[in-house]
Amino acid sequence: MASQTDIQFMRAALTEAQKAFLIGEVPIGAVVVKDNRIIGRGHNLREHLNDGVAHAEIMAIEEACAYLQSWRLIDCDLYVTIEPCLMCSGAIINSRINHVIFGSRDEKAGAVRSLYQVLEDSRLNHQVTVSEGTLADQCSQIMKDFFKAARKKKRKSH
């Protein structure tokens, strides 16, 4: 069961996802939290920046690193609406994030529980605690709404 704190920070991640949705980006949002304060926010910006690594998690991690003036995000938690991919999982491990809390699984690209379990792999030099399912319905619904609208738009253009 998600704590009130987890729900509060996942709502902040959902706000980031909504920002992505409004500008036509895949609606995934993330926040980095340290000592119960958000120190990094991000949402997908791949299309707007023409940058294949501009995922929500990467944007939030970069902002948190700048805030702390360190690449080490020790004692930080990452809240993200959708299960991180392989690239983002690598960034999470390399930045030493302590705990990842995600809303919904990504059956096609998820590297935390769905396809791989990278964050908890004991062969790596850092393991990350993982929690899933916080506001899962809301996190998956914004994705469904986005792709439904995208399909509708595509049909109209043909």
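Because the structure is a prediction, the values reported are computed rather than measured.

Our next topic: the UniProt feature "binding site: Zn(2+)" (unreviewed entry) in the protein. Mapped onto this numbering, the UniProt entry annotates "binding site: Zn(2+)" (unreviewed entry) at H55, C85 and C88. Annotated residues spanning 34 residues; largest pairwise C-alpha distance 9.4 Å, indicating a single compact cluster. Residue position: C85 is located in the loop between strand 3 (76–82) and helix 4 (86–94). The contact partners of C88, leaving out residues within four places of it in the chain, are H55, E57 and I58.

So, about the sheet that holds strand 3. Pairing between the strands of a sheet is mediated by backbone hydrogen bonds and can be parallel or antiparallel. Taken in spatial order, the five strands of this open sheet run 2-1-3-4-5, and their pairing is mixed. Each end of this open sheet is capped by a strand with a single partner; those strands are strand 2 (37–43) and strand 5 (129–132). The sheet shows a mean angle of 15° between the axes of neighbouring strands, taken without regard to direction. Where strand 4 (residues 99–104) and strand 5 come together, four bridges link them in parallel fashion.

Cut-offs applied
Residues numbered from 1 in each chain as written. Predicted model: local features only at pLDDT ≥ 70, side-chain atom pairs only at ≥ 80, totals over all residues. Heavy atoms only, no water. UniProt positions renumbered as here; feature names shortened; annotations may be inferred. Helix = DSSP H or I, 4+ residues; strand = E, 2+ residues; numbered from the N terminus. Contact = heavy atoms within 4.5 Å. Pairing = 2+ DSSP bridges. Axes fitted to C-alpha atoms, helices over the stretch in contact; angles between N-to-C directions.

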